[in-house]
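Summary of the model geometry
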Amino acid sequence: MTNSTDKVYQFQSLSNYTFKQRVIIHILGWLLYVVINAIGRTLKFELQGPHTLDEIFGEYKGMILCLWHDRLFTGAYYARDRRVIVLTSQSFDAEYAARCARRFGFGVVRGSSTRGGRAALVKLAKLAKDGIPSFFTVDGPRGPRHEAKPGAVQLAKVTGRPIIPGVLQPMRYWTINSWDKMQIPKPFSRIIVIKGDPIYVPPDADDGVIETKRLELQHSLDGIARQAKEWIEQKPDTAD
């Protein structure tokens, strides 16, 4: 692994922030990590289908994992320590989230649809071509909720790597009053994990094909989310 690749897994300098901001970033970064890790250790994940998580990571090198933003809390713990790359914005709020992500073994590329998006896509493409998976919350960072954006599709076009839709559905959870209605699983809850079929995007895809593939991703995520809810309704969690 090159030095430039290693940098995405390393904490970045906070020299551009004020002293007060640096303190806030350190505190919130650690607090977020501690909360996710403490709850995550109690959860029981059940992957539906014939493959294990290790087999999925082994088969789809450089895959582009996609899920809804409201499952980010659970997804961060489930995909930990696999050197997956996540895309975060360049905002102040994203800095402590990036530090939390790195503590879970994620690499971080900074950029968004409004700032640094093209440069971020180039970085993600290089890493994907090297076989390093990436992790997209495809309706983030600000919504609309459960509406897939085309970023993952564009990355799949330039890399040839597959998009893997996924859902992680807690049987019991709290809902935060935020734009995405973030789900925080209750301790000791079971999490149903369902993987959709891989989606490939041809390298010569024009805008029409990009939109078709975006809709395919949208329908896949909607479909497996319904499957997870139906499974839970049939087999409710009996934990206290």
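Described in the following lines is the structure provided in the data block. Please read these numbers as outputs of a predicted model, since none were measured by experiment.

Of regular secondary structure, the protein possesses eight helices and nine strands. Taken against the 2.2 N^0.38 rule, which gives 18 Å for 240 residues, the C-alpha radius of gyration of the protein at 17 Å falls within 12% of a compact globule. Within the protein, the proportion of its 240 residues that are buried is 48%. Here the contacts in the protein between residues at least 6 apart in sequence split such that 74% fall between residues at least 24 apart.

Here the structure, examined in full by the defined rule, presents seven aromatic pairs. Taken together, a centroid distance of 6.3 Å and an interplanar angle of 15° make the contact between Phe45 and Tyr77 stacked. Residue Phe45 is found in strand E1 (residues 44-48), and its partner Tyr77 is found in helix H4 (residues 72-78); the two are separated by 32 residues along the sequence. Accessibility expressed as a relative area gives 22% for Phe45, which makes it partly exposed. Assessed through its relative accessible area of 8%, Tyr77 is described here as buried. With 6.3 Å between their ring centres and 85° between their planes, Tyr77 and Phe104 make a pair best called edge-to-face. One end of the pair, Tyr77, is in helix H4; the other, Phe104, is in the loop between helix H5 (92-103) and strand E4 (107-110), and 27 residues separate them in sequence. Its relative accessible area of 3% is what places Phe104 among the buried residues. In this structure an aromatic cluster arises from ring pairing among Trp30, Tyr33, Phe45, Tyr77, Tyr78 and Phe104.

Before going further, it helps to examine unusual backbone geometry. Cis geometry is found at the peptide bond from Gly140 to Pro141, where omega equals 0°. Within the secondary structure layout, Pro141 lies in the loop between strand E5 (134-137) and helix H7 (151-159). Notably, His146 is not glycine yet its phi reads approximately 60°, a positive angle. Mapped onto the elements, His146 comes out in the loop between E5 and H7. Positive phi outside glycine occurs at Phe188, with the angle close to 70°. The topology assignment puts Phe188 in the loop between strand E8 (183-185) and strand E9 (190-195). Take Phe188: its relative accessible area is 57%, and that puts it in the exposed class.

Moving on, we get to the pattern of salt bridges. For the coordinates displayed, the defined rule picks out 10 salt bridges. Among the ionic pairs, Arg71 bridges to Asp70, the shortest N-O distance being 2.8 Å. For the residue pair Arg71 and Asp70, the accessibility class agrees, reading buried in each case. Between Arg145 and Asp70 there is a salt bridge, with its nearest N and O atoms 3.1 Å apart. One end of the pair, Arg145, is in the loop between E5 and H7; the other, Asp70, is in the loop between strand E2 (64-67) and H4, with 75 residues separating them in the sequence. A relative accessible area of 34% means that Arg145 is categorised as partly exposed. The class for Asp70 is buried, based on a relative accessible area of 0%. Residues joined in a network through salt bridges with shared partners are Lys44, Glu46 and Arg190.

The next point concerns helix H2 (residues 19-40). Taking 1.5 Å of rise per residue, the 22 residues of H2 would be expected to cover 32 Å, and the 32 Å separating its terminal C-alpha atoms lies within 8% of that figure. Every buried residue of H2 is accounted for by Ile25, Gly29, Tyr33, Ile36, Asn37, Ile39 and Gly40. Against H4, H5 and E8 lie the buried residues of H2.

Packing of helix H6 (residues 117-129) against H7 brings their axes to within 10 Å, and their N-to-C directions diverge by 50°. In terms of axis orientation, H6 runs oblique to H7. Handedness of the H6/H7 crossing: right-handed. Where H6 approaches H7, its residues Leu121, Leu124, Ala125, Ala128 and Lys129 are matched on the opposing element by Leu155, Val158 and Thr159.

Below, the discussion takes up a nonpolar patch on the surface. Where nonpolar side chains cluster on the molecular surface, the patch consists of Phe19, Val23, Ile27, Leu28, Leu31 and Val35 and spans about 530 Å² of accessible area. Along the chain, the position of Ile27 falls in helix H2.

With four bridges connecting them, strand E3 (residues 85-88) and E4 associate as parallel partners. When the sheet's bridge partners are listed, Val86 is paired in E4 with Val108. Read from E3 through H5 to E4, the crossover connection turns out right-handed.

Rules used in this analysis
- Residues numbered from 1 in each chain as written.
- Predicted model: local features only at pLDDT ≥ 70, side-chain atom pairs only at ≥ 80, totals over all residues.
- Heavy atoms only, no water.
- Helix = DSSP H or I, 4+ residues; strand = E, 2+ residues; numbered from the N terminus.
- Rg over C-alpha atoms; globule rule 2.2 N^0.38 Å.
- Buried < 20%, exposed > 50% of the residue type's maximum accessible area, 1.4 Å probe, protein only.
- Contact = heavy atoms within 4.5 Å.
- Phe/Tyr/Trp six-rings, centres within 6.5 Å; stacked < 30°, edge-to-face > 60°.
- Salt bridge = Lys/Arg side-chain N within 4 Å of Asp/Glu carboxyl O.
- Expected span 1.5 Å × (residues − 1).
- Axes fitted to C-alpha atoms, helices over the stretch in contact; angles between N-to-C directions.
- Parallel < 35°, antiparallel > 145°, perpendicular 65-115°, else oblique.
- Left-handed = near helix turned anticlockwise from the far one by under 90°.
- Patch = residues over 30% accessible without salt bridge, like charges linked within 9 Å, V, L, I, M, F, W, Y side chains within 5 Å.
- Areas by Shrake-Rupley, 256 points an atom, 1.4 Å probe, with all protein chains shown as cover.
- Pairing = 2+ DSSP bridges.
- Right-handed = clockwise from strand over helix to strand, strands pointing away.

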